[in-house]
Structure formats: structure tokens, C-alpha cells
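Listed below, chain by chain, are the residues.
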Amino acid sequence: MTGSPPAAPPAAAHAGRPPTAPARSRRSRLRRDLPLLLLLLPGLAYFLVFHYGAIFGYVVAFQDYVPFLGVTGSQWVGLDNFERIFADPAVWNAIANTVQISLLQLVFYFPAPLALALLLHSVTYGAVRRFVQSVVYLPHFISWVIVVALFQQILGGAGVLNTWLGDNGLHTVDVIGNPDLFQPLVVAQVIWKDAGWGSIIFLAALYTVDDQLYEASAIDGAGWWRRLWHVTLPSIRPIIVLLFILKLGDILSVGFEQIFLQRNAVGPEVAEVLDTFVYYSGVLGGDWGYATAVGLFKGVVGAVLVYAANKVAHRLGEQGVYK
Amino acid sequence: MTQISRRSLLKLGGAGALAALGVPSLAACGSGGGASTTSDSGGVAWPTYQRLEGPAADLRSSMDGGCDAFFRYPRQLATSVTEKPGDGSDVTAFVLTYSPPPAPVDDNRFWQAINEALGVNIKLTLVPVAEYSAKLATLMAAGDLPDIILIQEAPRTRDFVAAKCADLSEHLSGDAVKEYPNLANLATASWRTMGRINGGIYGIPLTRAIVGIGMHVNRTLFDSVNAPVDWTKDQFVTALDGVTKGRVYGLGASAADLAMDYHASSFGAPNMWRLDGDRLVSMYETPEYKAAVDFARQCFADGYYHPTSRTGTMTDIMNQYYAGNVGAAWGNFMNYATGIYIDRVGGRFTTDVAMPYGGGHWLGDAMFGYTVFKKASPERIKMLLRICNYLCAPYGTKEYELVNEGVEGVHFTRTDGGLQKTDLASTENKNSVPISRYICNAPEIINVPGKEQETRHAFEVQEALLKKGVTNPSLGYASATADRVSSKITQDLHDVRTGVVTGRLSMSDWDAAVTKWRDGGGAKIAEELTADRAANK
Amino acid sequence: MTTTSVRRRLLGETPRPAWMPRPKPPVIAAKALALVIVTALVLVPFLIVVATSLAPKDEVLAKGGWVVWPDSITFQAYADVLAGGVVTRATLISAGVTLVGTALSLGCTVAMAYALARPGLLGGRPVLLMVLFTFLFTPGMIPTYLVVQQLGLLDSFSALILPVLVNAFNLVVLRGFFQGIPADLIEAAKIDGAGELRVLLRIVVPLSKAAIAVVGLFYAVAYWNSFFNAILFLNDSSKWPIQVVLRQYVLEGSPLAGSVENAEARVNAPTSIQMAVLVLAMLPIVCVYPFVQRHFVKGVLTGAIKS
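Cut-off values and rules
- Residues numbered from 1 in each chain as written.
- Chains lettered and ligands numbered in written order.
- Predicted model: local features only at pLDDT ≥ 70, side-chain atom pairs only at ≥ 80, totals over all residues.
- Heavy atoms only, no water.
- Helix = DSSP H or I, 4+ residues; strand = E, 2+ residues; numbered from the N terminus.
- Rg over C-alpha atoms; globule rule 2.2 N^0.38 Å.
- Buried < 20%, exposed > 50% of the residue type's maximum accessible area, 1.4 Å probe, protein only.
- Contact = heavy atoms within 4.5 Å.
- Lys, Arg positive; Asp, Glu negative; His and termini not counted.
- Charge placed at Lys NZ, Arg CZ, Asp CG, Glu CD.
- Phe/Tyr/Trp six-rings, centres within 6.5 Å; stacked < 30°, edge-to-face > 60°.
- Lys NZ or Arg CZ within 6 Å of the ring centre and 35° of its normal.
- Salt bridge = Lys/Arg side-chain N within 4 Å of Asp/Glu carboxyl O.
- Buried area = accessible area lost by both parts, 1.4 Å probe.
- Polar contact = N/O pair within 3.5 Å; in protein donor to acceptor, adjacent residues only side chain to side chain.
- Nonpolar A, V, L, I, M, F, W, Y, C, P; charged D, E, K, R; others polar.
- Pairing = 2+ DSSP bridges.
- pLDDT = per-residue confidence, 0-100.
- Axes fitted to C-alpha atoms, helices over the stretch in contact; angles between N-to-C directions.
- Patch = residues over 30% accessible without salt bridge, like charges linked within 9 Å, V, L, I, M, F, W, Y side chains within 5 Å.
- Areas by Shrake-Rupley, 256 points an atom, 1.4 Å probe, with all protein chains shown as cover.
- Domains from an automatic or database assignment.
- Core = buried A, V, L, I, M, F, W, Y, C linked by side-chain atoms within 4.5 Å.

**Some points on the overall build of chain B**
Part 1: Secondary structure summary: chain B contains 21 helices and 15 strands in total.
Part 2: Relative to the 2.2 N^0.38 estimate, which gives 24 Å for 537 residues, the radius of gyration of chain B is 23 Å and therefore close to what a compact globule would have.
Part 3: Buried positions account for 67% of the 537 residues belonging to chain B.
Part 4: Pairs at least 24 residues apart make up 80% of the contacts formed inside chain B by residues separated by at least 6 positions.
Part 5: Each charge class in chain B can be summarised by its mean position, and for the 52 positive and 58 negative side chains these summaries are 2 Å apart.

**A closer look at the packing of aromatic side chains**
Part 1: Throughout the structure, instances matching the rule amount to 48 aromatic pairs over all chains.
Part 2: With a centroid separation of 6.4 Å and 85 degrees between ring planes, the pair formed by Phe 110 of chain A and Phe 202 of chain A is classed as edge-to-face. Of this pair, Phe 110 of chain A sits in the loop between α5 (90–109) and α6 (111–121) while Phe 202 of chain A sits in helix α10 (residues 179–206); the two residues are 92 residues apart in sequence, bridging distant segments of the chain. Here Phe 110 of chain A and Phe 202 of chain A have matching classes, each one buried.
Part 3: Through successive ring pairs, a cluster of aromatic residues spans Phe 222, Trp 231, Phe 236, Tyr 262, Phe 267, Phe 295, Trp 330 and Tyr 357 of chain B.
Part 4: We note Lys 193 of chain A situated over the ring of Trp 144 of chain A; from NZ or CZ to the ring centre the distance is 5.0 Å.

**Overview of the pattern of salt bridges**
Part 1: Applying the stated criterion to the full structure yields 36 salt bridges over all chains.
Part 2: Note that Glu 269 of chain A is salt-bridged to Arg 504 of chain B, the shortest N-O span being 3.5 Å. You can see Glu 269 of chain A sitting in helix α14 (residues 268–271) and its partner Arg 504 of chain B sitting in the loop between α20 (480–502) and α21 (507–535), one on each of two chains.
Part 3: Judged by its relative accessible area of 25%, Arg 504 of chain B falls in the partly exposed class.
Part 4: For Glu 196 of chain C, the salt bridge is made with Lys 190 of chain C, and the minimal N-O distance between the two is 3.0 Å.
Part 5: Judged by its relative accessible area of 27%, Lys 190 of chain C falls in the partly exposed class.
Part 6: Salt bridges linked by common partners bring Asp 88 of chain A together with Lys 488, Asp 492 and Lys 516 of chain B together as one network.

**With respect to the interface of chain C and chain A**
Part 1: Of the residues lining the interface, 102 residues belong to chain C; the matching set on chain A comes to 100 residues.
Part 2: Of the roughly 9,100 Å² buried at the junction of chain C and chain A (both faces included), carbon and sulfur atoms supply 77%.
Part 3: The tally of links between chain C and chain A comes to zero salt bridges.
Part 4: Across the chain C-chain A interface, the total number found is nine residue pairs in polar contact (both at pLDDT 80 or more).
Part 5: Among the elements that line the side of chain C that touches chain A, the one with the most residues is helix α6 (residues 124–136) of chain C, at 11 residues.
Part 6: Across the side of chain C that touches chain A, the residue classes tally to 75 nonpolar, 13 polar and 14 charged.

**Examining the pairing of strand β12 (residues 367–373) of chain B**
Residues and elements named next belong to chain B.
Part 1: Extensive coverage of β12 is indicated by the burial of seven of its seven residues.
Part 2: Both strand β3 (residues 148–151) and β12 contribute to a ladder of four bridges, which runs antiparallel. Across the sheet, the residue bridging to Ile 148 is Phe 373, located in β12.
Part 3: Here five bridges tie strand β4 (residues 203–207) to β12, and the two strands are oriented antiparallel to one another.

**Notes on the environment of Val 286 of chain C**
Part 1: Here Val 286 of chain C shows up in helix α15 (residues 271–293).
Part 2: It is 24 Å that separates the C-alpha atoms of Val 286 of chain C and Phe 169 of chain C, two residues lying 117 residues apart in sequence.
Part 3: Setting aside chain neighbours within four positions, we find Val 286 of chain C in contact with Tyr 137 and Leu 138 of chain A.

**Description of the confidence of the model for chain C**
Residues and elements named next belong to chain C.
Part 1: For chain C, mean pLDDT is 83; residues scoring 70 or higher make up 84% of the total.
Part 2: Per-element mean pLDDT across chain C ranges from 64 in helix α1 (residues 3–11) up to 96 in helix α8 (residues 158–161).
Part 3: In this model, residues 252–260 is a region of pLDDT below 50 whose contacts with residues beyond four sequence positions or in other chains number 38 contacts.
Part 4: The model gives residues 301–307 a pLDDT under 50, and that stretch makes 16 contacts with residues more than four places away or in other chains.
Part 5: Across the predicted assembly, pTM comes out at 0.87 and ipTM at 0.85.

**Some words on the sheet that holds strand β5 (residues 213–218) of chain B**
Residues and elements named next belong to chain B.
Part 1: In spatial order, the strands read β6-β9-β5-β10; together these four strands make up an open sheet with mixed pairing. Only two strands of the sheet have a single partner each, and these edge strands are β6 (249–252) and β10 (351–354). Across the sheet, the mean angle from the axis of one strand to that of its neighbour is 30 degrees, orientation sign disregarded.
Part 2: Alignment of β5 against β10, held across four bridges, turns out to be antiparallel. Looking at the pairing, Asn 218 lines up with Thr 351 of β10.
Part 3: Most of the contacts of helix α13 (residues 314–322) go to strand β9 (residues 326–332), to which it runs at about 135 degrees, and overall it touches β5, β6, β9 and β10.

**Looking at the sheet that holds β12 of chain B**
Residue and element names in this part refer to chain B.
Part 1: Spatially, β2-β1-β3-β12-β4 is the arrangement adopted by the five strands of the open sheet, whose pairing is mixed. The two strands at the open ends of the sheet, each matched to only one other strand, are β2 (121–128) and β4. Within this sheet the neighbouring strands show an average axis-to-axis angle of 25 degrees, counted without direction.
Part 2: Each of β3 and β12 touches helix α4 (residues 157–164); the most contacted strand, β3, lies at about 160 degrees to it.
Part 3: Running over the sheet, helix α16 (residues 378–391) touches β1 (90–97), β3, β4 and β12 and is turned about 50 degrees from β1.

**Some words on a nonpolar patch on the surface**
All names here are of chain A.
Part 1: A cluster of nonpolar side chains, contributed by Leu 30, Leu 34, Leu 38 and Leu 41, occupies part of the molecular surface with about 350 Å² of accessible area.
Part 2: Its location among the elements puts Leu 30 in helix α2 (residues 26–52).
Part 3: Under the relative-accessibility criterion, Leu 30 is labelled partly exposed at 38%.

**Notes on the domain arrangement of chain C**
Residue and element names in this part refer to chain C.
Part 1: Taken domain by domain, chain C holds domain 1 (18–74) and domain 2 (79–306).
Part 2: In this assembly, 10 residues from domain 1 lie in contact with eight residues from domain 2.
Part 3: At the boundary of domain 1 with domain 2, total buried surface from both sides reaches about 700 Å², with 85% on carbon and sulfur atoms.
Part 4: For the domain 1 face of the interface with domain 2, the top three residues by lost area are Phe 46, Val 49 and Ser 53, together amounting to 47%.
Part 5: Inspection of the domain 1/domain 2 interface yields zero residue pairs in polar contact (both at pLDDT 80 or more).
Part 6: Listing elements by their share of the side of domain 1 that touches domain 2, those giving two or more residues are α2 (25–54) and α3 (57–62).
Part 7: In terms of residue count, α2 provides more of the side of domain 1 that touches domain 2 than any other element does, five residues in total.
Part 8: Taken together, the residues of the side of domain 1 that touches domain 2 sort by class into six nonpolar, three polar and one charged.

**Considering the domain arrangement of chain B**
All names here are of chain B.
Part 1: Under the domain assignment used here, chain B contains domain 1 (20–210 + 372–470) and domain 2 (213–362 + 479–536).
Part 2: Between domain 1 and domain 2, the residue contacts involve 37 residues of the former and 31 residues of the latter.
Part 3: Around 2,500 Å² of area is buried between domain 1 and domain 2 when both sides are counted, 60% of it from carbon and sulfur atoms.
Part 4: Counting the contacts that link domain 1 with domain 2 gives zero salt bridges.
Part 5: On the surface where domain 1 and domain 2 come into contact, there are six residue pairs in polar contact (both at pLDDT 80 or more).
Part 6: With seven residues, the top contributor of residues to the side of domain 1 that touches domain 2 is helix α19 (residues 452–467).
Part 7: Here the residues of the side of domain 1 that touches domain 2 are counted per class, giving 15 nonpolar, 15 polar and seven charged.

**Quick notes on the confidence of the model for chain B**
Part 1: Model confidence for chain B is summarised by a mean pLDDT of 88, while 92% of its residues fall at 70 or above.
Part 2: Per-residue pLDDT stays below 50 along residues 1–41 of chain B; that stretch engages in 148 contacts with residues further than four places along the chain or on separate chains.

**A short note on unusual backbone geometry**
Residues and elements named next belong to chain B.
Part 1: One non-glycine residue, Asn 198, adopts positive backbone phi at about 50 degrees.
Part 2: Examined against the element boundaries, Asn 198 turns out to sit in the loop between α7 (188–194) and β4.
Part 3: Of note, Ala 259 is a non-glycine position whose phi angle comes to about 60 degrees, a positive value.
Part 4: Here Ala 259 lies in the loop between β6 and α10 (260–266).
Part 5: We classify Ala 259 as buried; its relative accessible area is 0%.

**Some words on the nonpolar core**
Part 1: With 269 residues, the main nonpolar core has Leu 183 and Ile 204 of chain B as its most contacted residues.
Part 2: Element by element, the count of residues in this core is highest for helix α5 (residues 86–117) of chain C, at 15 residues.
Part 3: With residues up to four places along the chain from it excluded, the contact list for Leu 183 of chain B reads Leu 172, Val 177, Trp 191, Ile 204, Leu 385, Cys 388, Asn 389, Cys 392 and Cys 440 of chain B.
Part 4: By size, the runner-up hydrophobic cluster in this structure holds 55 residues, among which are Met 215, Val 293, Phe 295 and Trp 330 of chain B.

Below is the structure:
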């Protein structure tokens, strides 16, 4: 590949961005940025065509949409769909469960891939590290149907664990089917399934950390903890913050299939989340308008959270998602 | 409860944003269909039933919708269609599939043979069953309809059918159907379940055995505790108690239903709705159903249910059943009568189907779905009807053999014992090319391949169950409220039912839940169904 | 040869960077334990999956669906799934779509992310916000279908690639990585007369190997795993990609198409078939991933310019 660029003249190297030029006119900015805008074009075209071209679909939230009548033929109902969502007291239980599970995930699941990446990064035996890296992401590819079945095989009432406990005269544990343990169980399942896959991004981030920073801190006599806290984490802080904010935007989505498969065991008080609620209240009934209204609601909440979190990130000196 | 699998509902969640979720194929049980307007008064007459004489069944069922039994594949085949039905044109069909895709028609001798026999080019759009409703919705939105569409009952599809599909009443009602003898051979129960839309007949039902779902039992296990075949409730409990020990449990069911239908029918609860004079009363409000819930709760508390029943799906329970860990499991009767379960358990034990312990046996819907045609000229409609007539030729006819088994020498060879499938048949068959399954199909028959004893027994069990049969009087009638709220209120009620049976909740919670169901729309649904029924006698 | 270098060669141990102190035994032990636990948690269920796929059908049925150690090994489940060339054809389709799709997606995403990472871009902020908006408000299924229909893409392989060409999450993440590249490197190159494209290709991309590899992996996996769009946009079932086909072997009681009378019988395939399907679905990723891993190394220009 390329070698290092030729040593730049000292003045320019110090300069960074050229000293503040006189206010550029739009046209000259355009000329200057043209190559960049051209690079931008294919992606932009994609978003315009396939996302904004289809965004009209959200008007359906204000209609009693029937597919064969289309948007033009379906009846307008204003805010009725939204009222219906919140008229049912059960929706608050669903939202509460959703938020609870999301928060549990933010606290426990979010750090797991990071911790795993740090652990792997610190392993010097390349073969060992590559081997573990090659297996730890595999559960991501198993469908939820099988993951749930596996968990039940091991932790269920007639599962491996309880059979072993029973055979040895010990007290059996009630994990699956215990309403109090359901939400932690859900998070544990997500950690098992996706921590490895999630660590990939953090590993990539760890590889961008400049070695010279480590050298400098080692010269200062820093141990592993100080290295971690003062060099590693701050260097990958932008990525961590970015991923955290994006995850916040998704706070009302905790996965449908995983919860749906296990809902019967513990009942809706702890297991009903927004997506399953909408499934029974709207989707099954062919109520597109209702389902879209919920999608709109989720998007708005997500947007507010992303905006707020981004502002907080700026306060902390971070770039956040956008400036 | 219909025979349509719940698992199809499970897969819809993978689509991402909720607005992308499709509408699944199953509306909540309890209403036969959902038009947003009640049907007009005075519907057309049902097609006159006329049994096709020709195929010689070894045992003939006495009931409408019951399956005939054949001990072996007939040596003499009857002919039911004399002229090629098609006119050489292309026919597009939109159906679902449970199977991997077939080879394209140019490489597919089975498909070619069917096209040749029918005299048309059938172009199939196959859709995996889990995404069927979603894709059907896009089809409806996009407006470019194929000639033939498979419809499974779902809220608001009746409006679509009424608006965009052909009214077949003049071709099929009353004696007009005799023009199509194989269609006349379809059980009236199936037409009834399909129901009339705005008083007319808009489709052709895909018939299924009316015997519905049964309680499959490990007969060897229950014989070992001397449980009688015709058991009473107490004998049933004693039997469960006797077999439940160690790894084996008497009862198994998926978490979604906990075999409640079996208990309810045994306690004499009505099949979804009871006809009180002319009024429809929901089963949930009957004392028999409540007693059944209480009984199930007791069984669960006594430990007769396999632990997987609390959390598992149908597959998980059946896995336990095959392994011999579950004594009784609730499942499709025809899985037994066609020998599938017998094959699965191998020689390890004898699998059988049990009688209810009292009360009656709930009959099924007798229908998988129905086929509709896009609006077209009468000649085209007649041609499509002739095609369907060919496709539903019953077992024992030449036509059946061609569209279901294929070409002799290519897909099977004829032996004394029946038909021997070739290797090619494992990929080219009626499952991968479901023309003879989901455009129109022959009535189901009872046949355990190669086993006359078991076939005879399966038939006898069917007849015994049919004698105790209880129909669902709401089949074929529509309620607008049911469309809108039925899935929600029924799910809420079922959630409580699951909680009560598994011990999380108490019977007083059940009473409260029934009231909530009634007030949340149940009462209105009863009214509307009653009205629709009165208008549509 | 010293023992150190022998051990190094055996374990693929990379020489420890000069700044890293020698780890103490308890630390090594703790790390080893953690790694063993993590690996076991993941591998044990996998062993069950593979073992079940290799067990004979009767054994699987007799043991309640899951087999930890098969009494005998048979590849019958794989043979059953692979029979008839259906899986082969679908695999080729998926491979083609994945290769082309990943290349196109990566190209567009890298370009766009780079452009958006440059500060002060005319219109940069609005475009970024616009992209973020689509991340929160994904378009619905029916509207997307109508757009694809209007573009005439229905029933073509382009419909498997174009509607998902750029993923907003990947874009934002890649942009984040690009922002981490020191600005003076870029300015130095610009002053030397390099255009934006050259800067991108010669400086930014080599420095971001790991990040681009990760995003490329995400796209490739997404293309390989996709099934819903295929079902939605394709009418001809002979064009189905691999995941759609494999799901049909597992879902809704479709044992092998020819083996049972009634495919809708609600009788699921024996677990051995389901596990074989799972293994086959994952196999390509498992084979490809080690190659992707190779790119998890530092970018080339590290430390070269820092003054």
C-alpha cells in the first residue's frame, strides 16, 4: 500500500485546518466541496428513493387503512388510532415492561460486548485470541426459536439442570416460568446470543487506538487499570457514546420473537412489551393504521431521546451522533 | 380451535419495524369470518352435495365431512373428468407453501404433467406460510391480482373478496354445481365454514377432515395402568396418576392452549358457541367451560402436565411424546390417520387417539382456507372451475393419481402393495408444487400405508368421535366487532386462562376475565353473529 | 531454538509490545478462566446442535429431540436437506447477491461516511440528520413494496440489493470511525495536492481497515441472512435465496417434501434435520469470518506522521 506521505512543511503541519479564511460564499464552498458531494450522492439517492419515497406510508397512522383500498381509498380517522393505543390501560404495563427490559439491557447487556472485547484484546497469544474470537460470535446466528428451546432444555422444569439437581437430591430451581426472573432471563439470553457479535465493533475500535499513547503511559509507569481508564476507554469513548445513543433511540424495541416465544410461561404482567401488545391489539386484527401509529410513536420517543442524549454528550465534550 | 398452526404467527415478528409486520393468517377463533358489513339476508343455497360414485372405498364414513378409509391403493381407478378442462392460456395462482421450492416448470416433470393434463400453463407464486398474510396484503395494495388466490380467514379479507373477486353463486349454488361433479363431492360442512359473503358464494373451500383435533395417547402406557378406552373423568384422572412418575407425565400440551379444548369438550362445553334457541352464547361464559378450567388447574397442580407444557410449543411437546415422556398430547387427528405419528414412534409404543372423558368431541372447521378467482368473464370463470373440478377429483380416480402422485414410471411405480415412489418424487411432488393442495384439493382419506389393522382402527375411532361430534354454530358467519377486537380480547382471556391453569392466578381471576371479555366486545360479537346467522339461514 | 520462541510459534503468540509489562501468573490464570467460561458457554450448546444434526433420526426421536453425544454418526440429515439441488441453487443465488451487494453497499457507505465525516461540508448536517431520521422512522412494508413495484424491480435480484443498499447504523458508525482520523493527516495530504478521492483511498481507508472490515462483515451477514425482502419482492420461487429455502425445511412441519403425505400436518421435521439446516446456514459465515478477522489489525499509518 502507500508509504507515509512525504514530510509536510512544518508550518502546514501545525496549521491543521488552514487559518480562518474570509467567509466563503456558497458557490465557492460548493466548488470546494463538490468532490465530497459527489461521493455522497449514491448513498443520498438511495435514502431519498427508498426511504423518503416510502415515508408517505406514515399517513396511514391517521387512517383506517385497508390495503386493497389504498391510501386514497381508506377512511381518515385523525388521531383515533393514537387514542386507541392509550385508551387501553394495558398499554402502560406494556410500555413499562419494555422500558424496564431496555434499561436492564443498557446496564447489563451494553457493557458485555465491551468487556469481552477488552478481554480478547488483552490476550497476547494470537492463536488463542483468534480461536475465541471465531467462536464467540456464533450464537448470533442461531434463531430465537432455537435459543429459547436451548435455554429451556437446560434451565427448564424438565431440563438438564433440574434433572441433575433432582437426581442428586437437591432443591430444583424455577427459572423458566418464574415471573420474577423473566426480565433478567431475557437479558441473559440476549447477552448469550449477542455479546460476542457486539464485541466485534468494539474490537475494531480498540485496534484504532494509537500505540504511542500506550507507550507514553507505560513510560509514566501506569499499570493495567490506569492504562484502561486513562488511555483505552477515552480513546474509544466516541464509539461507545455513539453506540449508546443509538441504542437509546431504540428503547421501545426489545425484540419481538424472543418475548413472544416465552410470554405464555409467565403471563403478560411481566412479559407484555410494546411490540407484543401491538401484535395482539392491532396487527392480528389487520389494523394497519393502529400498528403504524405505534411505529410513529416509537419513532418520536426515540428521536426525543437521541436528541437529548446527544446534547448531554456535547456537554461532556463528545461529538455524539451529530453536532 | 382450527387446525391452522399457531407457529405461522410466530414468524411475523422478524420483519423489523412494527409497521412492516404483516397480518397473520389466523383471526382469533370464534368467528368464522369478518366482513365489515353483515351479510345480506337470504343467502343463496349451498351447492348440492352429490357423492361421486366410482372410487370404491373400503369403509365409508356416515357423516358429512367424515373421511372414507382405504386399506390399500385401489387397483382399479375411476375416471371423473372426460374433457381437458383448460383452454391453453396462462393461469396465475397465489398460494402458500410449507415446503422448499420446486424446480422451475421447465425442469419439473410433475408440474409439466399437470399443465398438460389440465390444458393450461399454471404459473405459481409460492409464498412461505409465515409471510403469507403479509404478502397478500401487499398484493391487495398493489392491485395486480393473479387469477387464483388462496384466502385464509383473516379480518377484513371478506371486504376484499366481495370487492375484487368473482361471485361464483350462479355457477355453484344448488344444482348448478352438478356441472362439476367433483366439486359437488365436497362436503357441505366445508362450504358452510367458508360462509357466504353478501349472501353469495365467492370461493371453493379446501376441504379437511371434520374430525379435527384429537388427544393422541400412548396406548401402551395407558394399558399398563389398565385405563379403559372409553374413560370417565375419574378414570382419566386415575390413569394420569398411574402413569406420571419419574420422567414420564400423563399430559402434555403447548403453552398456548394447555389442551383446554379437550377438557372443555369432555366437560360438555359447547364448541366455541352454543345455540340457545336462536341466540349464540359464548363457551367462555358457560359453567361447563369454567369447570373444565378448574379441572385443568387441578391436573396441573397435581403434576400431571409435563413441565414443558408451561413454556413449550407444539414441537417440544411432540418431541417428548415421541420419546415416550408424555402420555397424552393434543394434535391433529389426521396425523394419526395417515400414519405419520405411527411412523414417528416406530415400534416403541402404540399410538392411538383417545375418546373424550365424557361430554362430546369438538368438530373441526372442515376447511383449510378457500380459493377465490379474480373478476373475469364467465367463460374464464367456467374454465377455472373446470380446472378446480379436475384438481379435487377424489382418491381412487385417475385424475387424483396424476395431480397428486405424478406420472407413472417417472414419479412412482405401481406395485401390488400400492405406489412406490421414485427418487425424483422426493423433490417433485404435491408438496413442493402444491397445485393439487392449495388451488383445490381432494377430500382427505384415512389410510395408514401398508397397515390395514391400523387403518381400520383409525376409521373406527373417527366414527366414534364423529358420533359424539359437536359443531361450532358460528362457522361461516361474520361480525365486524370480532374483526376489530376479537384477537385482543381473546388473547387477554387466554392469558388469564393460562395463568389460572398453571397456578399463577385463581378461579376468581377467571370470572373477572370473562366479564372483561364480555364487556370488551364479547357480548357485541355474540349479538352480531346471532344477527348474521338469522339473516343467513 | 529457545523455549520462548518454540512456545511463541506453537501458540501464535505475537511478541508482546514493549510497553506492556509481563503479565503476572494470577492475571494469566484469571484471564484463562474467563476465556474458558466464555468459550464453554458458547461451544457447549453448539456441540449439542452439531451432535443432534449427526444423530440418526430414530435416536433423535427416542431421546426427546436433543442428543448430546450420538450413538452413531450419520450424515443422512445433511443428505436429505441437500437432495435435489434446491439448496445448491439457492446457495449460488445468495452468494451472488451477497458479493455484489456487499461490494456496492460498502462502496456507497464508505464514500458517504467519509464525506459526512469532513467538517464544514455544505449540507453535511442536514444530510446526516436526514439519515438519522430514517434510522428512527423506518418505512413500512407496503409503501416500500409499492416503491419497488413502481421502479419495476419486482421479481429481480436488484430488489434484494437496492432497497437495503445503505444501512443508516453502519453509516453512522463508520462516520464515527472516520472522524477519529487525525485531521492533520488529511490536511497534509491535501496540501500536497491530493484530491478527496485520493485522500479517501490512500489515507483514510488503509487507516480504517478494521472498521471497514467490520461494516463489510455486517453488510455481508445481512445480505446472507435476509429472507423477508426476498419473499416480499420475488414471485418466482426458483429465485429464492438460501435462508428462505432453509427456513422451509424447518418451519411448519415441512419434513422433506416427499417424505410425508401432508406437509401442512404440523409435524415438524425431526430435530436432526433442523440442526443440519442450522449448521448449513451458518457454515459460510464460519468459513469467511477468519479472513475478515485478519483485517482486525491496526491501520498502516499509525504514528507515522505524529510530530
